[in-house]
Amino acid sequence: MEAKTPKDSCTIITDLVLPSETNPLGNMFGGELLARMDRAASIAARRHSRRIVVTASVNHVAFNRTIPLGSVVTVEARISRAFTSSMEIFLDVWIEDRESGLRSKANEAIYTFVAVDDTGNPVPVPPVKPESDLEIERYDAALRRRQLSLVLAGKIKPSEATELKALFTE
């Protein structure tokens, strides 16, 4: 299977924050943002695998800044690494300043998707070939995150988490 780059899966969704999507403080509901991120990540995973994909986990979400009513929100999703049938998708969330138009990062998240066949069984996905420094950094970190998840789930022994051990030993 031929490797694909993160830009091959790049998905960008831009939309407004409407009144029905906000809390009593006038900021976007976290669940609304999670849904937008899930859709963008799903499209990125499908573009990479060209298969049906399902959300396996939401590994990390950082709500660093509130997103006020009327904001223009852009969710950018790119695959950071692929394993046998699973794919880690890194998401960046940007908001646009209403007056200047300048974008600033508001949030980020990491989702995991699994490619499946028509009966729901996992299927292999292409590897990822990172190109930029940021893509390489996210690619390398994805293996450490995966090993940590597997250790915490009891699926591998801590001694088998070679990438994690390398962080703490010389």
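Placed above this text is the structure.
Procedures and definitions
Residues numbered from 1 in each chain as written. Predicted model: local features only at pLDDT ≥ 70, side-chain atom pairs only at ≥ 80, totals over all residues. Heavy atoms only, no water. Pairing = 2+ DSSP bridges. Helix = DSSP H or I, 4+ residues; strand = E, 2+ residues; numbered from the N terminus. Axes fitted to C-alpha atoms, helices over the stretch in contact; angles between N-to-C directions. Salt bridge = Lys/Arg side-chain N within 4 Å of Asp/Glu carboxyl O. Buried < 20%, exposed > 50% of the residue type's maximum accessible area, 1.4 Å probe, protein only.

(A) Here's a closer look at the sheet that holds strand β5 (residues 103-116). Taken in spatial order, the five strands line up as β1-β3-β4-β5-β2 in an open sheet, and their pairing is antiparallel. Two strands bound the open sheet, and with one partner strand each, they are β1 (11-16) and β2 (52-63). Averaged over neighbouring strand pairs, the angle between their axes works out to 25° when direction is ignored. As defined by bridge partners, β2 adjoins β5 across ten bridges and the pair is classed as antiparallel. Bridge pairing links serine 57 to threonine 112 in β5.

(B) Just the pattern of salt bridges, in detail. Here the structure, examined in full by the defined rule, presents nine salt bridges. Glutamate 131 serves as the salt-bridge partner of lysine 7, at 3.5 Å between the closest nitrogen and oxygen. Of the two residues, lysine 7 is situated in helix α1 (residues 6-9) and glutamate 131 in the loop between β5 and α3 (133-152); the sequence distance between them amounts to 124 residues. Classification of lysine 7 by relative accessible area gives exposed; the value is 54%. On the basis of relative accessible area, glutamate 131 is assigned to the partly exposed category, the value being 43%. In this structure, glutamate 88 engages arginine 145 in a salt bridge whose closest nitrogen and oxygen atoms are separated by 2.7 Å.

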